[in-house]
Amino acid sequence: LLLDSETATEFKTSSSEELLSDESTWEEANRYEWIKALNAEKSALSQKYPYLLCHTGANMSGWQRRLAIAKAINETVAEEEIYLHTLLNDDDHLCVYGQLLASVAMTLTEDVFVVQPVMASLKMIKGAVEGMTEEYAKALSDSSGGGYFPKVDMGLCPGVALMEEGNEDATNGEGEQSYFEYLQQVNGMGGSNSAVGDEGENLDGVEDITEAITNLLLSESLNNNSSDAAVLPLSQEFYTTSQAYIDYLNSSTNSTTGDNEQSERAQFWGDLLDEFQSSGICDETYKTRLTWKIYRSTQPTRASSQMQVVYNNTGETETDSGCALVLLLAVSANPDVCSVDVRRGVEPSNQIASFMVESERQNQNPFRARGIDGTGETVTISDTGVDPDHCYFDDPNKSQPTGLTFDPSARKIQQYVPFVDTNDYQYGHGTHVAGTIAGKRWDADGAADGIAPGAKLAVADIGNRNGDLLTPNDKTLLSTGRPQSQIHSASWGSEFNFYTSRARNFDQFMFENDEFLIIVAAGNSGSNDGAFDIPNTVGDPATAKNVIAVGAHNSWGHSSASGNLGPSYIADFSSRGPTADNRMKPDIVAVGKSVLSAGADPNVVGECDPSKIPGANSRNGGLLSLQGTSMATPVVSGTAALIRQYFRDGYYPSGEKNSDDAYPNPSGALVKAVLMNGAQNLRGVDNGVHGVTDSKPYDNTQGFGRLSLQDSVYLAGQTNVQLEVWDRERIEDQDINTYNVTIDKSNGC
């Protein structure tokens, strides 16, 4: 946990790559934090403090350890509801976040407990400081005419700023009111023809948090003569910038160890505070250019409320980068905040593809021939937009819906939410992605119909005219198309390999909506500048645990670029795992080289198939061939729609459509399991003239392997898959569920 936060850097000296070797430094930092917690309890607000609570009891499940922590707390505060959120759960210990009074935390004295006050550096995800520097530089170079602002994500501590009673059902994607409608109700956002903003929910009840952080940032706080010991200037909120740390370094006790070197990060923070806070040059910025947003938790036992502060860089000066970094410090110092992350900018990471998925035989689409074409499914894409009058999406009978309107009768695009604008750019990324999923000419078969041509689309337009992506809040984004849409395709991501707040939010959304599946591009950083097989290049949100992270393999036939070894080989650019916390990624790979799909031309109405079909990585008329994990992701998303229809229409278990066997709402976990279970092994990585790199099943290059629908589900007379399905099975702690299966080997299984 320390190494996945900024704590490792905070306590690292210039002469050591390890945490400070003198344990007394760490002990002094914790003693300082405990004193702050006790003073917070004694303050007029009787402020609780965030703690990392771990239980190390032997021969116990995670649930038993969680119950033991809760029981020990309730022995002191039985009348209060205590919220604990799991951070780490493995064989040896369980660690949770909790917000407690210091006097309560101090009662957890048994040997099985580890009680750690959550100091500011432990709240910051590793790379947060570097991330703010990078995001501010990106904002300064924004060529889109404005709109790209650095953002800080704050995970509030468990139980802080919960959803008001009576609003829970309005935001969970169930019933008649969607989350979009809820936001429109509370904020008046997004008319039918206007761009949809991301204002979050109203700030009622959290003004004390925003006010406390802002006041801490202002230079006048340095002159605060409050008698309240809990009211400290910003420099004293951090042990490594406090006078106590300076005194410790100069103490005779510490000098005997020889470990009196100030950490580089402590020097960095100290210099920033001297230059940008003490001088007051950032005061006006903090008063007028910070925008606060709140997204309240509807399930406090499972998820924290989230806040976000957006730093408006309009009219920036040379001091603003330092002001933005000091903002990180103040946010991390607030006792109602348990985690801090910098929102990283993201980038955008068919005829051939469809039969490769269904049969691996040219022009053979057995599933489509049986009526499994995605009919009845809505797939959401978040991308640069879609050209709505392209012949693969055009509706000759009605105009495209915009804003929050969802039109179930639309031929192809049922909802178009203009988070940024209302169209794609010339030969844009989003139109190609949408075509791969569900593109279909209304007047004939197309040269590049999508994987699920019977499916419909909901579009979250998050791209500007330059192809830059500007993502809204995660819950707002993922609510596009809901509750009709059960699949979200995201062909974009960052290069940040950690489990970020965005990745966590994606997981939480899937957990709260168990029929929902998010499919994300792994990234295109597996090779770069002559380097190959670069590990740890899968970026967030593909680092999430519940999503499907998609890598890319080669194509074949006339769509394949000259020299490719074929579809049994992984594309060299496909990003590699593992994640920073050592989980396998990608999960699956799909065709992502030379994928032919719709090509946008916003200046032409009705662009369509040209007389000459473009070859690999070229374009002509209304068609475009591209490569990347961005192209592989919609292949998986379209296939997921086919699998959902397979279960909804009752093809399981007989392999024939049977309404008596209809399963109307398969879980996202089931669809994911079917896709991954049927994946096939790949031979290696095609590095072109540099040869082939070995790859084995379940490694961090191919994951479960190559997507193969014919190896995933049983279709009578077409496939030999032996499929047994259990979905939404419950198992209680200490229980055992037994499943018996019979495998028929007569057909070579």
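Computed from a predicted structure; not experimentally measured.

*Asks:* Is there a simple way to explain the state of the cysteines in this structure?
*Replies:* Cysteine pairs can be linked by a disulfide, which is a covalent bond between their two sulfur atoms. Taken as a whole, this structure holds 4 disulfides when the rule is applied. Between the sulfur atoms of Cys-54 and its disulfide mate Cys-95 the distance is 2.0 Å. Handedness here is read from the sign of the S-S torsion; for Cys-54 and Cys-95, about 110°, the answer is right-handed. With Cys-54 in strand S1 (residues 49-55) and Cys-95 in strand S3 (residues 94-100), the pair connects residues that are 41 residues apart, well separated along the chain. We classify Cys-54 as buried; its relative accessible area is 9%. The class of Cys-95 is buried, set by a relative accessible area of 2%. The connectivity of the disulfides in the chain is 1-2, 3-6, 4-5, 7-8, where the numbers refer to bonded cysteines in sequence order.

*Asks:* What should I look at first to understand the sheet that holds strand S19 (residues 623-626) in this one?
*Replies:* The strands making up a sheet are joined through hydrogen bonds of the backbone, oriented either antiparallel or parallel. Strand order across the open sheet formed by 3 strands is S17-S19-S18, with antiparallel pairing between neighbours. Two strands lie at the open edges of the sheet, namely strand S17 (595-598) and strand S18 (619-620), each paired on one side alone. Two elements, S18 and S19, share 2 bridges in a ladder whose sense is antiparallel. Residue Arg-619 lies in a different strand from S19, and its bridge partner there is Leu-624. Of the strands in this sheet, S17 and S19 are in contact with helix H17 (residues 429-438), which crosses S17 at around 100°.

*Asks:* What exactly am I supposed to notice about the sheet that holds strand S8 (residues 337-342) here?
*Replies:* Pairing in this open sheet of 4 strands is antiparallel, and the strands run S6-S7-S5-S8 from one edge to the other. Pairing within the sheet leaves two strands with one partner each, and these edge strands are strand S6 (290-295) and S8. Across the sheet, the axes of successive neighbouring strands diverge by a mean angle of 20°, strand direction being ignored. Across 6 bridges, the pairing between S6 and strand S7 (residues 306-311) is antiparallel. Counterpart to Tyr-295 in the pairing with S7 is Gln-306. In the packing of helix H14 (residues 320-333) onto the sheet, the strands contacted are strand S5 (151-156), S6, S7 and S8, and the crossing angle to S7 comes to about 165°.

*Asks:* I tried to follow the packing of aromatic side chains on my own but got confused; where do I start?
*Replies:* The description of two aromatic rings rests on the distance between their centres and on the angle between their planes. Counted according to the given criterion, the structure contains 13 aromatic pairs. Plain terms: the ring middles of Phe-509 and Phe-516 are 5.3 Å apart, the flat faces sit at 65° to each other, and that makes the pair edge-to-face. In terms of burial, Phe-509 and Phe-516 fall into one category: buried. Three or more aromatic residues link up through ring pairs in this structure, and these residues are Tyr-646, Phe-647, Tyr-651 and Tyr-652. The ring of Phe-496 is capped by Arg-344, whose NZ or CZ atom sits 3.9 Å from the centre of that ring. Geometry around Tyr-499 places Lys-545 over its ring, the cationic atom sitting 4.6 Å from the centre.

*Asks:* What is the right way to read the confidence of the model for the chain from this model?
*Replies:* Low pLDDT means the predicted coordinates in that region are not meant to be read closely. Overall, the prediction assigns the chain a mean pLDDT of 85, with 85% of residues at 70 or greater. Overall, residues 13-17 carries pLDDT values under 50, and its contacts beyond four positions in sequence, including any with other chains, amount to 7 contacts. In this model, residues 186-194 is a region of pLDDT below 50 whose contacts with residues beyond four sequence positions or in other chains number 22 contacts.

*Asks:* Whenever I open this one, the pattern of salt bridges confuses me. Can you help?
*Replies:* In a structure, side chains of opposite charge can pair up when their charged atoms sit close to one another. Enumeration over the complete set of coordinates arrives at 26 salt bridges. The shortest N-O distance in the salt bridge between Glu-6 and Arg-265 comes to 2.6 Å. Here Glu-6, found in the segment before helix H1 (7-10), pairs with Arg-265, found in helix H12 (residues 264-277); they are 259 residues apart in sequence, far enough to count as distant. For the residue pair Glu-6 and Arg-265, the accessibility class agrees, reading buried in each case. Among the ionic pairs, Asp-727 bridges to Arg-728, the shortest N-O distance being 3.5 Å. With relative accessibility at 35%, the residue Arg-728 sits in the partly exposed group. Connected through salt bridges with shared partners, the residues Glu-377, Arg-644, Arg-648 and Asp-649 form a single ionic network.

*Asks:* How do you make sense of the packing of H17 against helix H20 (residues 629-648) when you look at a structure like this?
*Replies:* One way to put it is that H17 packs onto H20 with a least axis distance of 8 Å and a crossing angle of 30°. Classified by the angle between their axes, H17 and H20 sit roughly parallel to one another. Pair H17 / H20 crosses with right-handed handedness. Residues His-429, His-432, Val-433, Thr-436 and Ile-437 of H17 lie in contact with H20, whose contacting residues are Ser-630, Met-631, Pro-634, Val-635, Ser-637 and Gly-638.

*Asks:* Can you help me understand unusual backbone geometry in this one?
*Replies:* In this structure, Pro-578 follows Gly-577 across a cis peptide bond, with omega equal to -5°. With respect to the helices, strands and loops of the structure, Pro-578 is situated in the loop between strand S15 (569-571) and strand S16 (588-591). Cis rather than trans, the peptide bond between Lys-585 and Pro-586 has omega equal to -5°. Within the secondary structure, Pro-586 sits in the loop between S15 and S16. A positive phi angle, near 50°, is found at Tyr-427, a position not held by glycine. One non-glycine residue with positive phi stands out, namely Arg-728, at about 55°.

*Asks:* It is not clear to me how helix H19 (residues 501-512) should be interpreted in this structure. Could you clarify?
*Replies:* Count 3.6 residues to each turn of an α-helix, and residues three or four apart come out pointing the same way. Taking 1.5 Å of rise per residue, the 12 residues of H19 would be expected to cover 16 Å, and the 16 Å separating its terminal C-alpha atoms lies within 8% of that figure. Regarding H19, the residues found buried are Ser-501, Arg-502, Ala-503, Asn-505, Phe-506, Asp-507, Gln-508, Phe-509 and Met-510. On the buried face of H19, the contacting elements are S5, S7, S8, helix H18 (474-478) and strand S13 (517-521).

*Asks:* Please clarify how the packing of H12 against H14 should be interpreted in this entry.
*Replies:* Each packed pair of helices is defined by two parameters, the angle between the axes and the distance between the axes. Two elements in contact, H12 and H14, have axes whose closest approach is 10 Å; the angle formed by their N-to-C orientations is 120°. The element H12 and its partner H14 pack so that their crossing is left-handed. Every residue of H14 that contacts H12 at Phe-268, Trp-269, Leu-272, Leu-273 and Phe-276 is listed here: Gly-322, Cys-323, Leu-325, Val-326 and Leu-329. When the residues that make up the contact of H12 with H14 are grouped by side-chain class, the tally is 9 nonpolar, 1 polar and no charged.

*Asks:* It is not clear to me how a negative patch on the surface should be interpreted in this structure. Could you clarify?
*Replies:* A contiguous patch of negative charge, built from Asp-204, Glu-207, Asp-208 and Glu-211, is present on the exposed surface. With respect to the helices and strands, the residue Glu-207 is situated in helix H8 (residues 207-217). A relative accessible area of 39% means that Glu-207 is categorised as partly exposed.

*Asks:* Teacher, can you tell me more about the pairing of strand S9 (residues 378-383) here?
*Replies:* Residues in a regular strand project their side chains so that they alternate between the two faces of the sheet. The buried count for S9 comes to 6 of 6 residues, which makes it a mostly enclosed element. Of the two faces of S9, the one holding Thr-378, Thr-380 and Ser-382 and the one holding Val-379, Ile-381 and Asp-383 are both buried throughout. Bridging between S9 and strand S11 (residues 456-461) involves 6 bridges; their strand directions are parallel. The residue of S11 that forms the bridge with Ser-382 is Ala-460. For S9 and strand S12 (residues 487-490), the ladder comprises 4 bridges, and the chain directions are parallel.

*Asks:* What is the right way to read H14 from this model?
*Replies:* The end-to-end C-alpha distance of H14 is 20 Å, a good match for the 20 Å that 14 residues give at a rise of 1.5 Å each. Within H14, 13 of the 14 residues are buried, which leaves it mostly tucked inside the rest of the structure.

*Asks:* Is there a simple way to explain a nonpolar patch on the surface in this structure?
*Replies:* Together, Trp-726, Tyr-739, Val-741 and Ile-743 line one region of the surface with nonpolar side chains, adding up to about 400 Å² of accessible area. Relative to the helices and strands, Val-741 resides in the segment after strand S21 (692-694).

*Asks:* Which parts of the structure should I look at to understand the side chain of Gln-236?
*Replies:* Within the element layout of this structure, Gln-236 appears in helix H9 (residues 234-237). Separated by 3.1 Å, the side chains of Gln-236 and Ser-235 make a polar contact. Within the structure, the side chain of Gln-236 is placed 3.0 Å from the backbone nitrogen of Gln-243, a separation counted as a polar contact. Apart from residues no more than four positions distant in its own chain, Gln-236 is found in contact with Tyr-32, Thr-241, Ser-242 and Gln-243.

Rules used throughout
Residues numbered from 1 in each chain as written. Predicted model: local features only at pLDDT ≥ 70, side-chain atom pairs only at ≥ 80, totals over all residues. Heavy atoms only, no water. Disulfide = S-S within 2.5 Å. Helix = DSSP H or I, 4+ residues; strand = E, 2+ residues; numbered from the N terminus. Buried < 20%, exposed > 50% of the residue type's maximum accessible area, 1.4 Å probe, protein only. Pairing = 2+ DSSP bridges. Contact = heavy atoms within 4.5 Å. Axes fitted to C-alpha atoms, helices over the stretch in contact; angles between N-to-C directions. Phe/Tyr/Trp six-rings, centres within 6.5 Å; stacked < 30°, edge-to-face > 60°. Lys NZ or Arg CZ within 6 Å of the ring centre and 35° of its normal. pLDDT = per-residue confidence, 0-100. Salt bridge = Lys/Arg side-chain N within 4 Å of Asp/Glu carboxyl O. Parallel < 35°, antiparallel > 145°, perpendicular 65-115°, else oblique. Left-handed = near helix turned anticlockwise from the far one by under 90°. Expected span 1.5 Å × (residues − 1). Nonpolar A, V, L, I, M, F, W, Y, C, P; charged D, E, K, R; others polar. Patch = residues over 30% accessible without salt bridge, like charges linked within 9 Å, V, L, I, M, F, W, Y side chains within 5 Å. Areas by Shrake-Rupley, 256 points an atom, 1.4 Å probe, with all protein chains shown as cover. Lys, Arg positive; Asp, Glu negative; His and termini not counted. Charge placed at Lys NZ, Arg CZ, Asp CG, Glu CD. Polar contact = N/O pair within 3.5 Å; in protein donor to acceptor, adjacent residues only side chain to side chain.

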